[in-house]
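# A closer look at the structure
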Amino acid sequence: MHAQEVTFIKLVQGEKQFQVPLYQRTYSWTQPELRQLWDDVSDLVEAQLDGESPASHFLGSVVLAPGQLAAGGVQRWLVVDGQQRLTTLMLAFTALRDHLRETGGGESAKAADKIEDQYLVNKYLDGTDHYRLLPTQADRDAFIACVSGGPRAGGEGNIGAAYRFFRGVYTEGSRQHGPEWTDAVMTALGALLSIVEITADAQDNVFRIFESINNTGVGLSQSDLLRNYVFMLLPTRGERVYQQLWLPMQQQLGPKNLELLVWLDLVVRGNSRAKQTDIYREQQRRLQPLAGNEDALQAEIAALTERGQRLLRVLDPSRETDPALRAALERLGRWGGQTHYPLALFLLDRVDAGDSTAAEAAEALRFVESYLVRRLLCQSSTTGLNRLFMEAPKELEQGLPVAQAVRRYLSAKRTGARVWPDDAEVMEAVRRKPFYTAGRSQQRFFVLRTLEESYGASEVVDYARSPLTVEHVLPQNPSRAWFELLAEEAEDGQGPQEMHELLVHTLGNLSLSGENSRLSNHPFRRKQEILDSSALRMNLEIAAEPRWGAKEIAARSERLGRRAVEIWPGPIRGKREVPEEWPGWSELRSALVAVPAGSWTTYGAMAALIGSHPVPVRNYLAGTSGLHGAYRVLTADGRVSDNFRWPDGDQGDPRTLLAAEGVPFDGTGRASVAHRLSADDLATLLDKELPRDNAESVLPDAEVQGRAARFEQLLRENHPALAESVLSVLGFWQRLDPDCSLVYGRAAETSCFPTLDLRAGGGSGTSWPLAVYPVAGTVEVVFQYLRTRPPFDDTEARRELLRRLNQIDGIQLAEAKLELRPSFPIEVLARQSEEIQGALEWFVHFTALHLAQQAA
């Protein structure tokens, strides 16, 4: 075997082809891996734009074995390892090529052609030899659709999702930074990502190499490498220093937090570009000048140990002795995440050094909390936040009290991605933005809890012992009575469904309750009775309302918005730069790119997602050039709007384009509802956290009988003619296999999950194909969860489940929803019970076969 370090352009240039063997898994990178790669690329891009010459970023290795020569002398290489990286970079360049073709002029078109010829295809060859990369058979069609620019480019599956991800980041980056940014991206992807190319010899056993690579032991961590290096430089006192300083620190922090400390130590010292993957190299570079000076090295370890004690106060605020500082750290701990760690640790450094008081540090941390909460309420992008707080230790103004310095630092950005929203922006966001999809669940809970505590109720709620969850007063799955109430307030051209999407997730419609199952989807009068007995002042305020519709939700949004701006202070007042555009349009463009080929959405769903109204959304789409996928936004009844325009010149009939992607239309010109994406679907595609009941978080426990009875009660109340047939299908599931059981949800609408325990077959966790909702009267096919559970993490397996279900009369699921939770009516479950049972039986047997093959 031979190894050499190369750039991506050097790896793929020339007439060659990379083939992924059949024994490799399918392409599996999703948002977390793509985001990590993009963050690394963004650092390289930013460094170039700052005039620096950045060092290359090590991406990993690619192991290749020689294959047969193809026609025309193309050298084929089998990708033994590294196909995820290789496929991702190919898709990144494919998306960049298409972005340049759609948005640029002559020079951009030349750059796009250069990308195609250098990275993507063998220009003068036909058939499969034309493509520089050939993924596994399961991924091949989706990949070729992207590279060839077919109508299904960016469709379902991980291949399509990765392509759409890169289209999205390119759209926003080029709008913010211009053509220089795009040039820097091209350079970063092609010339600044370092890859170790390992080529096997012809006589090597390729599959044995693959096995050995993927069955290695646990490697040394970054902190392990640093420890070994440091104590190598302490030949005469290493044992004593280790026993007295390093070992106690390591035992107190544990491996994970020790590595966190070593990284934070770099950041607090002013290295704002330090990456947690490179801390050994960065610390080694910093300590190298001290080699031979054991006193200085011991002092460095002692300083690190002291900083470790401060980190323990950040991680466990109960260790902090000052009450105000402890409270500020506890609140940020409840908020969650590590974004604030660099600044919090820096402030504790200042306090312990006597350069600041604990009261000043506590006030500074409250400004940090306010900055984070206000940005959550406004659903500001989190891009750049980590860098902002990493830069704070070296950027804070000297000579000022730390609270004043922190507030001035966070207020400095008057526009752009890092802005601290002012009172007016917060108020507008509270009125319109879908708060329920903002941030993470613990952050939303933090905001609602803090709002409740601001009422100063005499009866203190024990949040640690009370199982409170977020309650939608206007239910997520409303009954007909709720829709009738909304219809009374609907504006011209707006139906109750669109009104529901616009209102349901706003802060004004949300509260906290421990009675979600009792509140359920009941009419407001029944909810009033339950909320009126609540210990929470917010709920008593809701219960005092005579009705609950758009007017009442808007009025409560105003009240909560005023409370929010009082609790969380805003930036220092100064002349605010007028932003070039409303931030919601950026989110709309991201959503357009996220819509898979073969699906469509509505102006109302887009408006609900970004906190706007269907009319301005329609006007923006009609008047803005360079938008990708605007033709996939239709009216509420699935028609092309009369106001639809191509701002960049006629690109064809939207119906024809959608039909080519696989969207059926009826004789009246309405698109199939099965292919429609709701606002919640769009939020899921944008990787927003949308809390949903699932079988893994609600495993059977002592309450299972009560929840089972509750499910049956709701089923009989809402679907009396279907109840017995539905229960019969669920009973069939329980008899299918000893590992089959029924699990019931804890949300307001008690759902039922036919669940398969995978542990007996050698797997881990559980899997479930369906979720049955007795009030809404729907059965969801949970592709969103199946895509993370073998064997249905393979797109082809999910596609086969979809195909079998679509053979049943009354079920029409779109392939574009293989990453979502499409549904069909509960009537189908009841009336087509034998066919449904056949699909469920196949699901169990297919899973069992996979587990047996894995165990063999």
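Below: a short report on this structure. (Residues numbered from 1 in each chain as written. Predicted model: local features only at pLDDT ≥ 70, side-chain atom pairs only at ≥ 80, totals over all residues. Heavy atoms only, no water.)

## Digging into the packing of aromatic side chains
- In total, this model carries 28 aromatic pairs according to the counting rule given.
- Plain terms: the ring middles of Phe165 and Phe166 are 5.2 Å apart, the flat faces sit at 85° to each other, and that makes the pair edge-to-face.
- Judged by relative accessible area, Phe165 falls into the buried class, the value being 7%.
- Judged by centre distance (4.9 Å) and plane angle (5°), the ring pair of Phe792 and Phe843 falls under stacked. One end of the pair, Phe792, is in the loop between α33 (783-786) and α34 (795-806); the other, Phe843, is in helix α36 (residues 833-855), and 51 residues separate them in sequence. Each member of the pair, Phe792 as well as Phe843, carries the same accessibility label: buried. (Phe/Tyr/Trp six-rings, centres within 6.5 Å; stacked < 30°, edge-to-face > 60°. Buried < 20%, exposed > 50% of the residue type's maximum accessible area, 1.4 Å probe, protein only. Helix = DSSP H or I, 4+ residues; strand = E, 2+ residues; numbered from the N terminus.)

## Quick notes on the pairing of strand β15 (residues 770-773)
- Across the two faces of β15 the burial is the same, with Leu770 and Val772 and Ala771 and Tyr773 all buried.
- Hairpin connection from β15 to strand β16 (residues 778-781): four residues lie between these consecutive antiparallel strands, with Gly777 at a positive phi of about 75°. (Pairing = 2+ DSSP bridges.)

## Points about the pattern of salt bridges
- Summed over the entire model, instances satisfying the criterion amount to 64 salt bridges.
- Close ionic contact of Arg387 with Glu46 constitutes a salt bridge, the shortest N to O distance being 3.4 Å. Taken together, the positions of Arg387 in helix α16 (residues 385-395) and Glu46 in helix α2 (residues 31-49) put the pair 341 residues apart, joining distant regions of the chain.
- Residue classification places Glu46 among the partly exposed positions, given a relative accessible area of 29%.
- For Arg285, the salt bridge is made with Glu282, and the minimal N-O distance between the two is 3.0 Å. Here Arg285 pairs with Glu282, and both are found in helix α11 (residues 279-287), just three residues apart, close to one helical turn. (Salt bridge = Lys/Arg side-chain N within 4 Å of Asp/Glu carboxyl O.)

## Some details on the sheet that holds strand β9 (residues 600-602)
- The three strands lie next to each other as β10-β9-β11, forming an open sheet whose pairing is parallel. Both outer strands of the open sheet, β10 (633-634) and β11 (676-677), are each paired with one neighbouring strand and no more.

## Comments concerning the nonpolar core
- Formed by 93 residues in total, the largest nonpolar core has its most connected members in Leu343, Leu377, Leu410, Phe435 and Val447.
- Ranked by the residues each element gives to this core, the list is headed by helix α10 (residues 238-268), at 14 residues.
- Those residues in contact with Leu377, other than ones at most four positions away along the chain, are Val426, Ala429, Val430, Lys433, Phe435, Val447, Leu507 and Ala564.
- In terms of nonpolar packing, the next biggest core, distinct from the first, is built from 59 residues, Leu89, Ile144, Ala188 and Leu189 among them. (Core = buried A, V, L, I, M, F, W, Y, C linked by side-chain atoms within 4.5 Å. Contact = heavy atoms within 4.5 Å.)

## So, unusual backbone geometry
- With an omega of 0°, the peptide bond between Pro790 and Pro791 qualifies as cis.
- Relative to the helices and strands, Pro791 is located in the loop between α33 and α34.
- Phi is positive for Gln379, close to 55°, though the residue is something other than glycine.
- Among the secondary structure elements, Gln379 is positioned in the loop between α15 (358-377) and α16.

## With respect to empty space enclosed by the protein
- Scanning the entire structure with this criterion turns up six cavities of 30 Å³ or more.
- What the largest cavity holds in volume is close to 120 Å³.
- Looking at the lining of the largest cavity, the elements that each hand over two or more residues are α9 (222-232), α10, α11 and α12 (294-315).
- Here the residues of the lining of the largest cavity sort into seven nonpolar, one polar and four charged.
- Counted as a void, the second largest cavity has a volume near 60 Å³.
- What lines the second largest cavity is simply His99, Glu102, Thr103, Arg167, Thr171, Arg589, Leu592, Val593, Gly626, Leu627 and His628.
- Taken together, the elements giving at least two residues each to the lining of the second largest cavity come down to α3 (83-103), α6 (157-177) and α26 (583-594).
- Here the lining of the second largest cavity is composed, by residue class, of three nonpolar, five polar and three charged. (1 Å grid on protein atoms, 1.4 Å probe; cavity = no way out; pocket = protein on both sides within 12 Å on 5 of 7 lines; lining within 4 Å. Points joined across faces, edges and corners; volume = space filled by probe spheres on them. Nonpolar A, V, L, I, M, F, W, Y, C, P; charged D, E, K, R; others polar.)

## Some details on the packing of α3 against helix α7 (residues 179-191)
- Between α3 and α7, the shortest axis-to-axis distance is 11 Å and the interhelical angle comes to 160°. Here α3 lies roughly antiparallel to α7, going by the angle between them. Relative to α7, α3 is oriented so that their crossing is left-handed. On α7, the residues touching Leu89, Ala92, Phe93, Leu96 and Leu100 of α3 are Thr182, Val185, Met186, Leu189 and Gly190.
- Among the residues making up the contact of α3 with α7, the classes are represented as eight nonpolar, two polar and no charged. (Axes fitted to C-alpha atoms, helices over the stretch in contact; angles between N-to-C directions. Parallel < 35°, antiparallel > 145°, perpendicular 65-115°, else oblique. Left-handed = near helix turned anticlockwise from the far one by under 90°.)

Remember, this is a structural readout, not a statement about activity or role.
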